[in-house]
Amino acid sequence: MSLDLVSETSTHTPETSTTERARAPLTPNSLRSIVRELAEQPEQWIHLVRLSTEERWYQRLVAEDDHEVWLISWLPGQSTGFHDHGGSRGAFTVALGELEELSLGGPEQGLLIRRVPVGTARAFGPEYVHDVRNTASGPAVTLHAYSPPLSSMAHYDLRAGGLVRTSEEGPEQW
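The structure displayed is predicted, hence computed values, not measured ones. (Residues numbered from 1 in each chain as written. Predicted model: local features only at pLDDT ≥ 70, side-chain atom pairs only at ≥ 80, totals over all residues. Heavy atoms only, no water.)

A.B. asks: Tell me about the packing of aromatic side chains, and please be specific about residues and values.
C.D. replies: This structure, assessed with the given rule, holds two aromatic pairs. Where Tyr58 meets Trp70, the ring centres are 5.8 Å apart and the plane angle is 65°; that geometry is what we call edge-to-face. Placement of the pair is Tyr58 in strand β1 (residues 57–63) and Trp70 in strand β2 (residues 68–74), with a sequence separation of twelve residues. Given the relative accessible area of 25%, Tyr58 is considered partly exposed. Among the residues examined, Trp70 registers a relative accessible area of 8% and is labelled buried. A ring pair is formed by Phe124 and Tyr128, whose centres lie 5.0 Å apart and whose planes are at 20°; its orientation type is stacked. (Phe/Tyr/Trp six-rings, centres within 6.5 Å; stacked < 30°, edge-to-face > 60°. Helix = DSSP H or I, 4+ residues; strand = E, 2+ residues; numbered from the N terminus. Buried < 20%, exposed > 50% of the residue type's maximum accessible area, 1.4 Å probe, protein only.)

Given below as structure tokens:
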């Protein structure tokens with residue numbers, strides 16, 4: 001896999017037909033395969049990684065009509081907070097380090113906390129809400145794929161009664 005990197009200032013406007021643009025989203029398993037394959041090729045992305053003490057650092061690596069791939073670095077203590085993916089399916093893999101993922105498992109399970117060590121890939125459907133965080137003592141690097149590409153993300157607070165939507169952001173904030 002060769003990456004066609006998307007700069008933060010470029011606009012990706014591939015020439016495709018209406019039929020191609022209307023393609024069905026990729027499945028979570030297909031997205032998992034994409035991030036796993038890319039994680040096994042660090043020469044494609046390792047030189048791009050930056051660490052930021054302010055917040056998680058991220059860069060979009062791939063922007064296609066039916067999916068996108070992001071590279072994210074995490075210092076200890078950095079977190080996404082609970083968020084959704086605006087109806088997109090997704091997957092992520094930990095390429096370096098270790099993360100923790102929190103999600104709600106329903107009334108019988110409550111809050112689920114999963115350790116996500118290096119080499120682990122997680123995939124999810126369009127309604128998934130989670131919080132990903134670096135609780136380890138060193139940095140982490142992850143690769144994320146979404147289909148269709150992200151158009152919005154809502155943020156939530158975890159309260160006694162469950163998740164409460166607090167805000168929404170769009171691509172202009174990324």
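A.B. asks: Provide a residue-level description of the nonpolar core, including the pertinent values.
C.D. replies: Core analysis: the largest hydrophobic core is formed by 19 residues, its most contacted members being Leu38, Trp45, Leu61, Val69, Leu71, Leu143 and Ala145. If you list the elements that add at least two residues to this core, you get α2 (28–39), β1, β2, β4 (89–96) and β9 (140–147). The element best represented in this core is α2, accounting for five residues. Counting residues in hydrophobic clusters, the runner-up holds 14 residues, among them Trp74, Phe92, Phe124 and Tyr128. (Core = buried A, V, L, I, M, F, W, Y, C linked by side-chain atoms within 4.5 Å.)

A.B. asks: Describe α2, naming the residues involved and giving the relevant values.
C.D. replies: The end-to-end C-alpha distance of α2, which contains twelve residues, comes to 16 Å, matching closely the 16 Å that a straight helix rising 1.5 Å per residue would cover. Buried within α2 are the following residues: Leu31, Ile34, Val35, Leu38 and Ala39. Along α2, the residues classed as buried sweep out an arc of 130° about the axis, all on the same side. Taken together, the buried residues of α2 touch β1, β2, β4 and β9. (Expected span 1.5 Å × (residues − 1). Arc of directions from axis to C-beta. Contact = heavy atoms within 4.5 Å.)

A.B. asks: Describe the pattern of salt bridges, and please don't skip the residues or the numbers.
C.D. replies: This structure, assessed with the given rule, holds eight salt bridges. A salt bridge links Glu101 to Arg114; the nearest nitrogen and oxygen atoms lie 3.7 Å apart. Pair noted here: Glu101 is in strand β5 (residues 98–104) and Arg114 is in strand β6 (residues 111–117), with a separation of 13 residues, a long-range link. Measuring nitrogen to oxygen at the nearest pair gives 2.2 Å for the salt bridge that ties Glu168 to Arg165. The partly exposed category is assigned to Glu168, whose relative accessible area is 48%. Residues participating in the shared-partner salt-bridge network are Glu101, Arg114 and Arg122. (Salt bridge = Lys/Arg side-chain N within 4 Å of Asp/Glu carboxyl O.)

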